[in-house]
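# Residue-level structural notes
This is what each chain is made of:
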Amino acid sequence: MKQTILSFLLLIFTLSAIGQEYTISGIVTSEQDGFPIPTVNVIVKNSSKGVTTDFDGNYTINNVTKNATLVFSYVGYKTKEVVITKGEVINVMLSEDVASLEEVVIIGYGTQKRKEVTGAVSTVSSETIEALKPTRIEQALQGQVAGVNITSQSGSPGSASNIRIRGVSTNGDNKPLILVDGNVIEDLSVINPGDIESYTVLKDATAGIYGVRAANGVILITTKTGRKNRTMSFQYDSYVGLQTTTRKVPLLNATEYALIKNEAAAASGTEYNNDITNLGRGTDWQDEVFQNAPIFSNSLTASGGTEKSTYSFGASLLTQDGIVGGSKANFTRYTTRANYGLEIIENLNLKANLIYTGTTRKILSEGGLGSVLFNAVNFAPTDTPRDNNGQYTSSAGYPIEVVNPLKQIENTFNRTKVDKLSGVFGLNYKFFDGFSAEANYQWNYSEERTRNLNPLVEYGNGSVFDNTDNIQFTEGVSFFRDYTFDAFINYEKSLNEDTHNIKATLGTSVFKTTGDYYLAVGNNLPSTTIFSEANIDDAETVTDPYSQISNRFYDSRLLSYFARVQYNYKGKYLFSGVIRRDGSTAFGPENKFGIFPSASVGWVVSDESFLEDNTTINFLKFRSSYGILGNDRIEAYAFESLLDGEGVYVFDDEIDEGLAIGDISNPEVKWEEQKAFDIGFETRLFNNKVDISADYFSRTTENLLLAVESSGIIGVDAPGSGNPIVNAGSVVNKGLEFQISYKDQFSDDFKFNVSYNFATLENEVLEVNNSIGYVPGEVTFGIGQTDVARMQVGQPIGVFYGLQTNGIFQTQSEVDAHPSQLALGANAQPGDLRFVDVNQDGVIDDNDKTFIGDPIPDVTMGLNLTFDYKNFDFQTYFFASIGNDIVRNYDRNGLKTNLTTYVLDRWTGPGTSNTEPRVTNAATSNAVFSDYFVEDGSFIRAQNVQLGYTFDKDKLESIGLQNIRLYVSVSNVFTLTEYRGFDPTASNGDPIGSGFDNGFYPNPRTFLIGTNIKF
């Protein structure tokens, strides 16, 4: 009986618990930005009961039983479940599902599910960009994408970088095509990195949708936009920092300098007068020119949306002084951006983007003979910055290109101001079943204004920089305009219950760019003229150097038609085919149009039945592509002759100077053509925690443009004339790319992510069809030594060409037994470099020059590590370049110039050194270009280390804020390298001539403290 009563009471209790119902309400927000999320599905698990959140993220759901589970789900966010234990307010924060967000990637003229992408496509998210805090947007690609190599042209504020995608494919312009929201952008300094939402890099033949402009790869950049059904919110980002040099070249101090110079004089049999007593360390000229330089950045963004529209507005200001010259090397950028999207009527959408950028830049002489750092390396430590009269120390006794660097900085006056407007206006209309039509008009307009004052200055050594009688002021203005009009129709259809899926695109594109240049050179301005008040009207005479030049104006145009078909069977057998026909004014009249086809295939193996239930392999796809890409980044007007030569004519028995035909025309010149092959795979393993991709690629570029010799009868030897340009070269790039990442959330408090990538590269010239069999670079070594870099068959493009050494002569008997080196400028003596008789003809001369170095790295690598612990976040990024060589070309061996400390290991007698030659003021062949000046440029660099702290969101609500994050970061933290110059990333960007360090302005180490505030 008791058992019956107990069972009855338990039943009553259970029924009452089951019957207990609650009303649950709350707000759903985004964990990333704290914004409310509308239209989130809130469903009682295992039932049909549910609601959606309203515009402000609020929800209320009635009659929810105890212990029921609410499921919160929204596209692009991770689903969250909450068990109901009592009636209460339940606020939920959803975190973005990165894997889901990456399912759709941008490709040419549209988007595609990542799963269905058949090409080598890589993306970089805004989170990575924000962590790196780059001042220029291309800096965020270094080490992030396998096969993309970024080198600096200079570390000075506002300087450009060289972007190379899968190697150096031409002896001309190797820049990739860069599109910002579909708009062609050439100068990336005008874009605020904080405005970027993501990068997409097209590396293989799938870039062929862009036809004749795609041979060097394509980078698609999207800027941040608002979201529908979001109230207006603001984000303020700010940082302040200090920049310092990462290193100095080790130079002799005053005492060491005096001893070495005395020894050099004695060795040459001349008198020496350097008194070494009480010299101490003397002047460190690098300390004199280097300084700590400030950097500031502020940006404010407002974004939101209604049910029918989205909007985003932003403004930013960046100012940065130089670590050499301070405010005389300043770069300031201010931007204003507006993005707007509107659903005008059902199925008709408008987008409009506008960006204004203003930049102001001041520069010092850098990166060559006579640059500020070149002079700081070469000026003697026994000289003081100023003499006893307070005047800058004279440069008397130095070579004519070496001057007091402090006086050089003080007498440098220039400014370049650029104002640029970029806009995009587009319409998209969906009609019938699966059709959509889109038209976009994109344009750029910029004005570049330059001012330069050359004051009266005399350095004391008859310098090439002396100006003793003419205060000269130049003022220039250039106008650049371009527009792109794209119109295309897309068709998308799925048949037989998604068994057959078809996408087709058919369109046309028109591109036009024009520019014109004006320059006024004023001479003999008043002696009281200062830079800030200089006026061209005060000059005695004014000339325009462009007035007699036929290419003051340029006009380049492109007309294109393109089609693409994409097909997949059940989402696992993939095909994409592209064909584009381009007509370009860059090509000869016989070859105006070119056709560029490409195709790619893919197989999603993980969708096959034998892998469907595999718990290890979550995703596996093989893919391959092949196509022909074009390059119209060639020398303008190469197919015709311009009146830019010098002509001398006789009229009425008097000689008149005028214009004549310049370079000889070649009407048959045509586009460079690249045949690109890629095969690779992508896989995700262990519950999508491990992500791996790998590619092998081969890119053969044919029809490279070269100047070839021709008969003097046609006038090539006339002043200002030159040989015609023809398609006569070929180069191949081959390599392997590999990328692996691991991410995991070990607990609610700890998240971890690490990624590593590497890319190998083999570059080889296949053809140089001119009379000498190679193309010399324009770079020089030392004073006037040319033909030191080449493009030659069987070698990498830009290979170094000089003499090979074999140690140091130790005794006179070794000198006597060795082939004569007199042809190089002087008889060898013990202590001199011993050169190899490569052709074994018994004489060392120019015929013994050979290949002694390669500026192209064999392998590049990137390592990225991030983790979050509670409110703290940490990121660090590394980049490595292995196998590239650099030429040391920044020291000048004159009677008075300083030397690096490596001279302390010099030869002073038999057996003392077999690496560093003797010192002497007499003539030797030691300064002839050889592998003695070639160094290993390999390096590993910690690009960025950052630590941040985010305040608890619930504590910020009381003061009306959604998020506050504080952080400290250091960029260019350290560099591990055996290279002895300022910076192993030195490169002038020329395909034939890169890797020569003429006193490279180093990339600074930057310390930042900043904040991100959302409200």
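Residues numbered from 1 in each chain as written. Predicted model: local features only at pLDDT ≥ 70, side-chain atom pairs only at ≥ 80, totals over all residues. Heavy atoms only, no water.

### What to know about the overall build of the protein
The condition is simple: Runs of H or I in DSSP of at least four residues are treated as helices and runs of E of at least two as strands, each being numbered from the N terminus. Radius of gyration here uses only the C-alpha atoms, and the compact-globule reference equals 2.2 Å multiplied by the residue count raised to the power 0.38. Method for areas: the Shrake-Rupley scheme with a 1.4 Å probe, in which residue coverage is limited to the protein chains shown. Counted charges follow a simple rule, with Lys and Arg positive, Asp and Glu negative, and His plus the chain ends left uncounted. Charge placement uses NZ in Lys and CZ in Arg. For Asp and Glu, CG and CD serve respectively.
When helices and strands are counted, the protein shows nine helices and 51 strands. Taken over the C-alpha trace, the protein has a radius of gyration of 33 Å; the compact-globule value for 1015 residues is 31 Å, and the two agree within 12%. The principal-axis extents of the C-alpha atoms in the protein amount to approximately 125 × 70 × 65 Å. As presented, the protein carries roughly 44,700 Å² of accessible surface, and 54% of it is formed by carbon and sulfur atoms. Averaging the coordinates of the 79 positive side-chain charges in the protein and doing the same for the 122 negative ones gives two points 10 Å apart.

### With respect to the sheet that holds strand β47 (residues 934-936)
Formally: Note on pairing: two strands pair once DSSP finds at least 2 bridges between them.
Taken in spatial order, the three strands line up as β47-β46-β50 in an open sheet, and their pairing is mixed. Because the sheet does not close on itself, it has two edges, and the strands there are β47 and β50 (996-997). Summarising the sheet, strand β46 (residues 885-888) and β50 pair through two bridges and their orientation is parallel. Residue pairing across strands places Val887 opposite Phe996, the latter belonging to β50.

### Side note on empty space enclosed by the protein
In plain terms, the rule: The way it works is a 1 Å grid over only the protein atoms, where trapped points that fit a 1.4 Å probe form a cavity and open points with protein on both sides within 12 Å along at least five of seven lines form a pocket, and then any residue with an atom within 4 Å of a point lines it. Grid points are joined across faces, edges and corners, and a volume is the space filled by probe spheres set on the points.
Under the definition given, this model contains seven cavities of 30 Å³ or more. The calculated volume of the second largest cavity comes to roughly 480 Å³. Lining the second largest cavity are 37 residues, with Asn149, Thr151, Pro855, Ile856 and Pro857 sitting closest to its centre. Elements with a contribution of two residues or more to the lining of the second largest cavity: β11 (148-152), β12 (161-165), β36 (750-760), β44 (859-869), β45 (872-882) and β46. Looking at the lining of the second largest cavity element by element, the count peaks at four residues for β11.

### Description of the sheet that holds strand β2 (residues 41-44)
So the rule is basically this: Fitted lines through C-alpha atoms serve as axes, helices being fitted only where they are in contact, and the angles separating the N-to-C directions of these axes extend from 0 to 180 degrees.
The sheet built from four strands is open, its strands ordered β3-β2-β5-β6 with antiparallel pairing. Each of the sheet's edge strands pairs with one partner strand only, and the pair in question is β3 (50-52) and β6 (80-83). Across this sheet, the average inter-strand angle for adjacent strands is 20 degrees, counted without regard to direction.

### As for unusual backbone geometry
Not every positive phi belongs to a glycine, and Asp498 is a case in point at roughly 65 degrees. By the element assignment, Asp498 lies in the loop between β24 (472-495) and β25 (500-523). Despite not being glycine, Lys870 shows a phi value in the positive range, around 50 degrees. With respect to the helices, strands and loops of the structure, Lys870 is situated in the loop between β44 and β45.

### What to know about the pattern of salt bridges
Filter applied, for reference: Here a salt bridge means any side-chain nitrogen of Lys or Arg lying within 4 Å of a carboxyl oxygen belonging to Asp or Glu. We call a residue buried when its accessible area falls under 20% of the maximum for its residue type, exposed when it is over 50%, and partly exposed in between, using a 1.4 Å probe and counting protein chains only.
Enumeration according to the criterion identifies 41 salt bridges in this entry. The salt bridge partner of Glu438 is Lys351, with a shortest N-O separation of 3.8 Å. Separated by 87 residues along the polypeptide, Glu438 in strand β23 (residues 435-454) and Lys351 in strand β21 (residues 348-361) bring together distant segments of the chain. When the shortest N-O distance is used, the salt bridge between Glu702 and Lys675 registers 3.6 Å. Linking Glu702 in strand β34 (residues 690-707) with Lys675 in strand β33 (residues 672-685), this pair joins segments that are 27 residues apart in sequence. Glu702 gets classed as partly exposed once you look at its relative accessible area, which sits at 25%. Via salt bridges that share partners, Arg166, Lys203, Lys621, Arg623, Asp678, Glu682, Asp695 and Glu737 belong to a single interconnected network.

### A few points about the side chain of Gln408
Stated formally: Each polar contact in these results corresponds to two N or O atoms within 3.5 Å; when the atoms are within protein, one needs to be able to donate a hydrogen and the other to accept it, and residues that are neighboring in sequence are counted only if both atoms are side-chain atoms. Throughout, a contact is declared for two residues whenever any of their heavy atoms are within 4.5 Å.
Relative to the helices and strands, Gln408 is located in helix α7 (residues 405-410). Within the structure, Gln408 has its side chain in polar contact with the side chain of Asn375 (distance 2.8 Å). Those residues within four positions of Gln408 in sequence are excluded, and the remaining contacts are Ser365, Gly370, Ser371, Val372, Asn375, Val403 and Tyr459.

### Concerning the pairing of β25
As defined by bridge partners, β24 adjoins β25 across 23 bridges and the pair is classed as antiparallel. By the bridge assignment for β25, Ser494 is matched with Asn501. Linking two consecutive strands that pair antiparallel, namely β24 and β25, is a turn of four residues; a positive phi of about 55 degrees is found at Asn496 within it. Alignment of β25 against strand β26 (residues 541-543), held across three bridges, turns out to be antiparallel. Bridged to Gly522 within β26 is Val542.

### Remarks on the packing of aromatic side chains
The line we're drawing: Any Phe, Tyr or Trp ring, taking Trp's six-membered ring, that has another such ring centre within 6.5 Å forms a pair; planes under 30 degrees apart are called stacked, those over 60 apart edge-to-face, and the others tilted. Note on geometry: a ring has a charge over it if NZ (lysine) or CZ (arginine) is within 6 Å of the ring centre and within 35 degrees of the ring normal.
The tally for this structure, following the rule as stated, stands at 45 aromatic pairs. The interplanar angle of 10 degrees and the centroid separation of 6.0 Å between the aromatic rings of Tyr429 and Phe431 together place this pair among those described as stacked. Note on Tyr429: relative accessible area 39%, which makes it partly exposed. Three or more aromatic residues joined by ring pairs form one cluster here, namely Tyr742, Phe746, Phe750, Phe752, Phe867, Tyr869 and Phe874. Positioned above the aromatic ring of Phe413 is the side chain of Lys328, whose terminal nitrogen or guanidinium carbon lies 4.0 Å from the ring centre.

### Re helix α4 (residues 254-267)
Three- or four-residue spacings in an α-helix give side chains the same orientation, since the helix completes a turn every 3.6 residues. How we decide: Any helix carries an expected span of 1.5 Å times its number of residues minus one.
Compared with the 20 Å implied by 1.5 Å per residue over 14 residues, the 20 Å span of α4 between its first and last C-alpha is a close match. Along α4, the residues that are buried comprise Ala254, Tyr257, Ala258, Ile260, Lys261, Asn262, Ala264 and Ala265. Two or three places before Thr255, at the opening of α4, Asn253 has a side-chain oxygen 3.1 Å from that residue's backbone nitrogen. Trailing α4 by a residue or two, Gly269 shows a phi angle of about 75 degrees, which is positive.

### Describing a nonpolar patch on the surface
Keep this limit in mind: Residues enter patches when they are more than 30% accessible in relative terms and free of salt bridges; like-charged ones are connected within 9 Å and nonpolar ones (Val, Leu, Ile, Met, Phe, Trp, Tyr) within 5 Å.
Among the surface-exposed residues, Val240, Phe296, Tyr869, Phe872, Leu947, Val968 and Ile1009 lie close enough to one another that they form a single nonpolar patch of about 620 Å² accessible area. You can see Tyr869 is positioned in strand β44.

### Quick notes on the confidence of the model for the protein
Stated formally: Per residue, pLDDT measures the predictor's confidence, with a range of 0 to 100.
Taken as a whole, the protein shows an average pLDDT of 88; of its residues, 93% reach a score of 70 or greater. For residues 4-18, every residue scores under 50 in pLDDT, and the model assigns this stretch two contacts once sequence neighbours within four places are set aside.

### Comments concerning the environment of Lys493
Within the element layout of this structure, Lys493 appears in strand β24. Relative accessible area serves as the criterion here: at 22%, Lys493 is assigned to the partly exposed category. Considering only alpha carbons, one finds Lys493 and Thr69, 424 residues apart in sequence, at a separation of 38 Å. Setting aside residues no more than four positions away along its own chain, Lys493 makes contact with Asp433, His500, Asn501 and Ile502.

### As for the pairing of strand β17 (residues 230-244)
Direction of pairing for β17 relative to strand β18 (residues 293-305): antiparallel, over a ladder of twelve bridges. Residue pairing in the sheet places Gln235 in a bridge with Thr301 of β18. For β17 and strand β51 (residues 1005-1014), the ladder comprises ten bridges, and the chain directions are antiparallel. Within the sheet, the bridge partner assigned to Gln243 lies in β51 and is Thr1006.

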